[in-house]
2 protein chains.
Amino acid sequence: MLKLYYGPGTVAIASHLALAEAGADYEAIEVDFANAAQTKPDYLAINPKGRVPALVTERGILTETPAILLYIAQRYPEKNLAPLDDIHRLAEMQAFNSYLCSTVHVNHAHRMRGPRWASEESSFEDMRRKVKGNMEACLTLIQSDMYKGPWIMGETFTVADCYFFAIYRWLEGDKVDINDYPKLADLIKRMQERPAVKRVLAELGG
Amino acid sequence: MLKLYYGPGTVAIASHLALAEAGADYEAIEVDFANAAQTKPDYLAINPKGRVPALVTERGILTETPAILLYIAQRYPEKNLAPLDDIHRLAEMQAFNSYLCSTVHVNHAHRMRGPRWASEESSFEDMRRKVKGNMEACLTLIQSDMYKGPWIMGETFTVADCYFFAIYRWLEGDKVDINDYPKLADLIKRMQERPAVKRVLAELGG
């Protein structure tokens with residue numbers, strides 16, 4: 001059985017949704033972020049980076065959302081969660097996921113994770129002021145240049161949609177209104193109706 | 001023929017090295033960063049994100065280093081540049097590449113790209129002060145927990161080594177001494193002896 005370590009409200013929900021969509025046999029284990037368990041020896045033995053998600057498989061521990069998402073898609077190929085038979089389309093999906101992890105997630109993280117990159121309270125405040133605009137620029141680009149419709153990658157639902165859903169859950173806190181991006185708002189609505197998504201959200205308490 | 005758009009001193013060298021290692025038929029096209037060409041309409045038509053690398057294929061344009069590297073490995077499978085037949089090892093390689101793009105590259109970028117995330121000169125200075133320590137923490141973790149040796153992924157050279165080489169080239173500017181990480185310094189020395197690497201460095205003027 002796979003074990004997914006997650007923290008509430010974190011990007012780990014992307015991997016969680018992908019596991020549910022794949023019909024995987026998995027257990028989701030909450031890391032106690034309220035008590036900073038992710039920074040303590042027990043969890044660092046699982047993921048020395050002190051971050052979530054971490055996916056424990058029969059062969060070891062995998063980290064980093066884009067890697068875990070591709071792994072899940074490849075482990076359950078019959079679920080068609082990625083364009084595995086077309087290297088160009090797969091690269092487009094990986095490019096989308098890579099953009100989310102290296103740019104969008106990072107822009108968001110400057111709202112609450114300033115101490116990763118600076119030391120002064122004035123810098124954190126300065127960073128926080130830029131988050132809304134940066135996230136809006138990302139969503140504009142995603143809607144105009146990346147989203148193919150009706151799902152991120154086109155006709156077929158993929159793990160890229162799971163990843164985008166994780167980002168969506170941060171937008172309200174970032175003071176960004178998904179309804180300003182009607183194609184993306186519509187995608188989120190359709191995701192919320194998927195049985196696997198409903199199941200994960202219920203499991204996490206909404 | 002593939003076309004790779006790159007900027008001097010950027011992460012694009014990772015994709016450039018992978019193309020050379022793959023024996024690909026490619027042309028490398030320099031984007032004039034000195035005149036901010038990456039922010040102007042001609043280049044934004046190629047990559048609306050205004051970043052490098054961008055790889056032009058027969059079927060379209062690919063962006064984001066981890067996606068391009070996997071694409072090159074999959075396009076030239078006979079070169080064995082990624083563990084394509086083992087989804088768990090591939091996920092480990094993708095996790096490494098994802099860590100470089102979402103954490104290591106981002107830490108480095110706070111030295112010169114502060115305006116992406118803040119507005120005040122005092123914040124940029126504050127950010128710059130943290131770069132050396134953050135990069136050192138990353139290298140410590142890479143050497144102790146990720147590097148398998150003699151190459152990043154173990155016995156076989158992969159595109160992850162190309163990506164690490166791109167990061168290495170920033171370390172001097174970040175005031176980090178690769179020789180403090182002897183296993184990684186040794187890997188870099190062996191990379192510099194590879195014919196494809198020598199050819200790319202010569203092509204770029206060293």
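Keep in mind the model is a prediction, meaning the values are calculated, not measured.

Procedures and definitions
- Residues numbered from 1 in each chain as written.
- Chains lettered and ligands numbered in written order.
- Predicted model: local features only at pLDDT ≥ 70, side-chain atom pairs only at ≥ 80, totals over all residues.
- Heavy atoms only, no water.
- Contact = heavy atoms within 4.5 Å.
- Buried area = accessible area lost by both parts, 1.4 Å probe.
- Salt bridge = Lys/Arg side-chain N within 4 Å of Asp/Glu carboxyl O.
- Polar contact = N/O pair within 3.5 Å; in protein donor to acceptor, adjacent residues only side chain to side chain.
- Helix = DSSP H or I, 4+ residues; strand = E, 2+ residues; numbered from the N terminus.
- Buried < 20%, exposed > 50% of the residue type's maximum accessible area, 1.4 Å probe, protein only.
- Axes fitted to C-alpha atoms, helices over the stretch in contact; angles between N-to-C directions.
- Parallel < 35°, antiparallel > 145°, perpendicular 65-115°, else oblique.
- Nonpolar A, V, L, I, M, F, W, Y, C, P; charged D, E, K, R; others polar.

## Structural notes on the interface of chain B and chain A
How big an interface is tends to be reported as the loss of accessible area on association of its parts.
At step 1: On the chain A side, the residues contacting the 48 residues of chain B number 47 residues.
At step 2: When chain B packs against chain A, the two sides together hide about 3,900 Å² of surface, and 58% of this comes from carbon and sulfur.
At step 3: When residues of chain B are sorted by the area they lose upon contact with chain A, B:I87, B:H88 and B:W117 head the list and together hold 17% of the total.
At step 4: Run the count over chain B and chain A and you get two salt bridges.
At step 5: In this structure, A:R59 engages B:D86 in a salt bridge whose closest nitrogen and oxygen atoms are separated by 2.9 Å.
At step 6: Taken together, chain B and chain A are joined by 17 residue pairs in polar contact (both at pLDDT 80 or more).
At step 7: The element best represented in the side of chain B that touches chain A is helix α4 (residues 87-109) of chain B, accounting for 15 residues.

## Digging into the pattern of salt bridges
At step 1: Inspection of every chain in the model, using the stated rule, returns 20 salt bridges over all chains.
At step 2: Among the salt bridges present, the one from A:R111 reaches A:D174, with a minimum N-O distance of 2.6 Å. Taken together, the positions of A:R111 in the loop between α4 (87-109) and α5 (121-146) and A:D174 in the loop between α6 (159-171) and α7 (182-192) put the pair 63 residues apart, joining distant regions of the chain.
At step 3: Taking relative accessible area as the criterion, A:D174 reaches 2% and is therefore assigned buried.
At step 4: With a closest N to O distance of 2.8 Å, B:K49 and B:E64 form a salt bridge. Here B:K49, found in the loop between α2 (41-44) and β3 (54-57), pairs with B:E64, found in the loop between β4 (60-63) and α3 (65-75); they are 15 residues apart in sequence, far enough to count as distant. For the residue pair B:K49 and B:E64, the accessibility class agrees, reading buried in each case.

## Some thoughts on the packing of helix α1 (residues 12-22) of chain B against α3(B)
Residue and element names in this part refer to chain B.
At step 1: Close contact between α1 and α3 brings their axes to 10 Å; oriented N to C, the two are set at 0 degrees. The angle between the axes of α1 and α3 places the two elements in the roughly parallel class. Across the interface between the two elements, A14, S15, A18, L19 and A22 of α1 pack against T65, I68, L69 and I72 of α3.
At step 2: Its residues assigned to classes, the contact of α1 with α3 shows seven nonpolar, two polar and no charged.

## Thoughts on the side chain of B:Q74
At step 1: Structurally, B:Q74 is set in helix α3.
At step 2: With a relative accessible area of 18%, B:Q74 lands in the buried category.
At step 3: Leave out the neighbours within four places in its chain, and B:Q74 touches A:I87, A:L90 and B:L84.

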